[in-house]
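Remarks on the overall topology
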Amino acid sequence: MHDFTSAPEGFRSGFVAFVGRPNTGKSTLTNALVGEKIAIMADQPETTRHPIRGIVNRDDAQVIVVDTPGIHRPRTLLGERLNDVVRDTYADVDVIGFTVPADEKLGPGDRFIYEQIREISPKAPVVGIVTKLDKTSKDAVGERLIELHEMLGPDSEVVPVSATEQVQLDVLLNVLVSQLPEGPRFYPQDHVTDEDMETRIAELIREEALKGLREELPHSVAVQVDEMVPDPDNPERTMIYAVVYLERPGQKRILEGPDGRRLSGITHRARRQIMDLTGTNVYLDLRMKVLKNWQSDPKALGRLGF
């Protein structure tokens with residue numbers, strides 16, 4: 001039950017989407033603003049599957065951050081479904097944060113995304129964000145700011161930040177809040193995300209499974225939590241049974257690693273993250289299943305929640 005009554009006079013609230021090319025630091029930025037790890041961080045592009053919302057609560061505002069999969073030219077049915085999600089998400093956001101990394105020049109990819117955004121969401125104000133300040137020189141940052149102003153227009157707000165070093169995040173938040181409409185608190189103040197716990201756990205497992213896997217397409221890994229139940233022998237402990245779905249037997253061998261060592265490492269690290277998230281002791285049972293070409297199979301996609 002949402003409590004829409006607790007917002008004071010002049011309170012601002014709304015939805016903010018960060019957009020930009022893969023690996024421009026959108027998930028890192030979301031996590032830094034929200035202050036809790038929600039969007040998954042892996043070292044491959046295109047890993048965020050769900051419009052995960054992080055919620056930043058202030059006395060004067062509630063900023064709901066929508067972290068979406070990137071806009072890209074689809075190659076599979078999954079790609080098309082992801083693009084539909086993107087369109088739906090951007091069509092109803094209040095502010096768009098356009099992210100470019102300080103250490104790379106703006107290019108055709110950035111312009112393509114900006115044009116798409118303007119087409120899907122012509123009315124929402126766009127705030128330019130130069131990320132990864134800590135990765136380059138002041139001169140390079142200055143160049144990025146000028147390039148962004150040229151693309152977004154002379155009146156646009158452009159803010160340089162470093163999410164990892166926590167630099168200028170408060171400035172960015174002030175700018176985002178100033179662009180939001182006045183409105184109610186959409187979520188209770190103790191909410192950090194509106195993802196349900198099973199989805200967050202599945203994403204954490206998927207993140208651990210993807211770490212260091214450059215040789216295989218990250219899209220062909222999906223995780224489903226089958227069951228979460230209290231341990232009958234120890235009420236303090238939660239039993240979690242999850243399945244990692246892969247497309248080919250070769251991927252299964254890669255994830256297992258020699259003597260199953262990689263899989264047990266994934267299980268161990270994911271279990272620690274889940275315990276941090278839930279605040280309880282966890283037993284994690286992780287199995288792998290090969291589901292042939294699930295990315296192009298509508299039945300499989302439906303089953304896995306796409």
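Details of the structure are given in the entry above.
Residues numbered from 1 in each chain as written. Predicted model: local features only at pLDDT ≥ 70, side-chain atom pairs only at ≥ 80, totals over all residues. Heavy atoms only, no water.

Turning our eyes to something else, we now look at helix α8 (residues 261-278). Along its 18 residues, α8 runs 26 Å from first to last C-alpha, staying within 8% of the 26 Å computed at 1.5 Å per residue. For α8, every residue scored as buried is listed here: Leu263, Gly265, Ile266, Thr267, Ala270, Gln273, Ile274 and Leu277. Along its buried surface, α8 packs onto α6 (197-210), β8 (234-246), α7 (249-256) and β9 (281-290). Gly279 sits one or two positions beyond α8 and adopts a positive phi of about 70°. (Helix = DSSP H or I, 4+ residues; strand = E, 2+ residues; numbered from the N terminus. Expected span 1.5 Å × (residues − 1). Buried < 20%, exposed > 50% of the residue type's maximum accessible area, 1.4 Å probe, protein only. Contact = heavy atoms within 4.5 Å.)

Take the packing of aromatic side chains next. This structure, assessed with the given rule, holds two aromatic pairs. With a centroid separation of 5.8 Å and 85° between ring planes, the pair formed by Phe98 and Tyr114 is classed as edge-to-face. Placement of Phe98 in strand β4 (residues 95-101) and of Tyr114 in helix α3 (residues 108-120) is noted, with a sequence separation of 16 residues between them. For Tyr114, a relative accessible area of 14% gives the class buried. Consider the rings of Tyr241 and Tyr283, whose centres lie 6.4 Å apart with planes at 65°: the pair is edge-to-face. Of this pair, Tyr241 sits in strand β8 while Tyr283 sits in strand β9, and the two are 42 residues apart along the sequence. Under the relative-accessibility criterion, Tyr241 is labelled partly exposed at 24%. (Phe/Tyr/Trp six-rings, centres within 6.5 Å; stacked < 30°, edge-to-face > 60°.)

To continue, consider the pairing of strand β5 (residues 126-131). Taking burial as the measure, the six residues of β5 include six buried ones, the bulk of the element. By the alternation rule, side chains of β5 split into Val126, Gly128 and Val130 and Val127, Ile129 and Thr131, which are all buried. Bridge analysis of β4 against β5 gives six bridges, and the strand direction is parallel. Within the sheet, the bridge partner assigned to Val100 lies in β5 and is Val130. Regarding the hand of the β-α-β motif, the stretch spanning β4, α3 and β5 is right-handed. Pairing geometry for β5 and strand β6 (residues 158-160), over three bridges, is parallel. Of the residues in β6, the one forming a bridge with Gly128 is Val158. The handedness of the β5 to β6 crossover, carried by helix α4 (residues 138-152), is right-handed. (Pairing = 2+ DSSP bridges. Right-handed = clockwise from strand over helix to strand, strands pointing away.)

Together, Glu80, Asp84, Asp88 and Asp92 make up a negatively charged patch on the protein surface. Checked against the element boundaries, Asp84 lands in helix α2 (residues 77-91). Asp84 sits in the partly exposed class, given a relative accessible area of 47%. (Patch = residues over 30% accessible without salt bridge, like charges linked within 9 Å, V, L, I, M, F, W, Y side chains within 5 Å. Areas by Shrake-Rupley, 256 points an atom, 1.4 Å probe, with all protein chains shown as cover. Salt bridge = Lys/Arg side-chain N within 4 Å of Asp/Glu carboxyl O. Lys, Arg positive; Asp, Glu negative; His and termini not counted. Charge placed at Lys NZ, Arg CZ, Asp CG, Glu CD.)

So, on to the environment of Val161. Checked against the element boundaries, Val161 lands in the loop between β6 and α5 (169-179). What makes Val161 buried here is its relative accessible area of 1%. Sequence spacing of Val161 and Val171 is ten residues, and the spatial spacing of their C-alpha atoms is 8.7 Å. With near-sequence residues (within four places) excluded, Val161 lies in contact with Leu29, Ile129, Val130, Thr131, Lys132, Leu133, Val167, Gln168, Leu169 and Leu172.

What follows deals with unusual backbone geometry. Look at Gln166: it is not a glycine, yet its phi comes out positive at around 60°. The topology assignment puts Gln166 in the loop between β6 and α5. On the basis of relative accessibility, which here comes to 53%, the residue Gln166 falls in the exposed class. In the Ramachandran plot, Gln168 falls in the positive-phi region, its phi being about 65° despite a non-glycine side chain. Mapped onto the elements of the fold, Gln168 is located in the loop between β6 and α5.

Interpretation note: all reported values are geometric properties and have no functional meaning in isolation.
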